[in-house]
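Observations on chain architecture
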Amino acid sequence: MENQTAENSPSEQRLIKLSDMANAAHLRIQQDFAQIDPVIGISRNMRKNGVPADVMTIDCLKTSKRIIVILHDQNPEQVLYKFAFKEQDPAGDFSQTAFAEFNQQVLYDWIKSYFSPAVN
């Protein structure tokens, strides 16, 4: 019964929504910009280490750029994010946006603009 509760928890539901948004954005990027080909991953290591948060990374292997998206249980109405590099620890504060305003178009635009800055 505990597993079912975890699967239906608000944090799990937000993570599922984020994953669905990322998948939709990824499909569109692959259709529109085959050269970008982002790699999307979800990590629960923070949660396993006692921090009530989940992390999504979106990487561009060609440029080593990374977009980090964090869903933190203590601030469920917000999405934390940072444009970073794969091989570097992110420095400085994360930006935030309202989860209610976050969608696959936002992710698509971030991937398009950050991973391929020459694209207009």
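Preceding this section is the structure that the text describes.
The text that follows walks through the structure, step by step, so that each part is easy to find. (Residues numbered from 1 in each chain as written. Predicted model: local features only at pLDDT ≥ 70, side-chain atom pairs only at ≥ 80, totals over all residues. Heavy atoms only, no water.)

Here we look at helix 4 (residues 104–115)
- Along its 12 residues, helix 4 runs 16 Å from first to last C-alpha, staying within 8% of the 16 Å computed at 1.5 Å per residue.
- Buried within helix 4 we find Leu107, Tyr108, Trp110, Ile111, Tyr114 and Phe115. For helix 4, the buried positions fall inside an angular range of 165° around the axis, keeping them on one side.
- The inward-facing, buried residues of helix 4 contact helix 2 (10–32), strand 2 (53–60), strand 3 (65–72) and strand 4 (78–85). (Helix = DSSP H or I, 4+ residues; strand = E, 2+ residues; numbered from the N terminus. Expected span 1.5 Å × (residues − 1). Buried < 20%, exposed > 50% of the residue type's maximum accessible area, 1.4 Å probe, protein only. Arc of directions from axis to C-beta. Contact = heavy atoms within 4.5 Å.)

A word on the packing of helix 2 against helix 4
- The contact between helix 2 and helix 4 brings their axes to 8 Å, and the two run at 45°. Judged on the interaxial angle alone, helix 4 and helix 2 are oblique. For the element pair helix 2 and helix 4, the recorded crossing hand is right-handed. Residues Leu18, Met21, Ala22, Ala24, Ala25, Arg28, Ile29 and Asp32 of helix 2 form the contact with helix 4, whose participating residues are Gln104, Gln105, Leu107, Tyr108, Ile111 and Lys112.
- Residues that form the contact of helix 2 with helix 4 fall into these classes: 9 nonpolar, 2 polar and 3 charged. (Axes fitted to C-alpha atoms, helices over the stretch in contact; angles between N-to-C directions. Parallel < 35°, antiparallel > 145°, perpendicular 65-115°, else oblique. Left-handed = near helix turned anticlockwise from the far one by under 90°. Nonpolar A, V, L, I, M, F, W, Y, C, P; charged D, E, K, R; others polar.)

Quick notes on the packing of aromatic side chains
- Taken as a whole and judged by the stated rule, the model has 7 aromatic pairs.
- Centre to centre, the rings of Phe33 and Tyr108 are 6.5 Å apart; their planes meet at 45°, and the pair counts as tilted. Taken as a pair, Phe33 in the loop between helix 2 and strand 1 (39–43) and Tyr108 in helix 4 lie far apart in primary sequence, 75 residues in all.
- Between Tyr114 and Phe115 the ring centres are 5.8 Å apart and the planes differ by 40°, which places this aromatic pair in the tilted class.
- When the ring centre of Tyr114 is taken as origin, the NZ or CZ atom of Lys65, which lies over that ring, is 4.7 Å away.
- Positioned over the ring face of Phe94 is Lys82, at 5.9 Å from the centre of the ring. (Phe/Tyr/Trp six-rings, centres within 6.5 Å; stacked < 30°, edge-to-face > 60°. Lys NZ or Arg CZ within 6 Å of the ring centre and 35° of its normal.)

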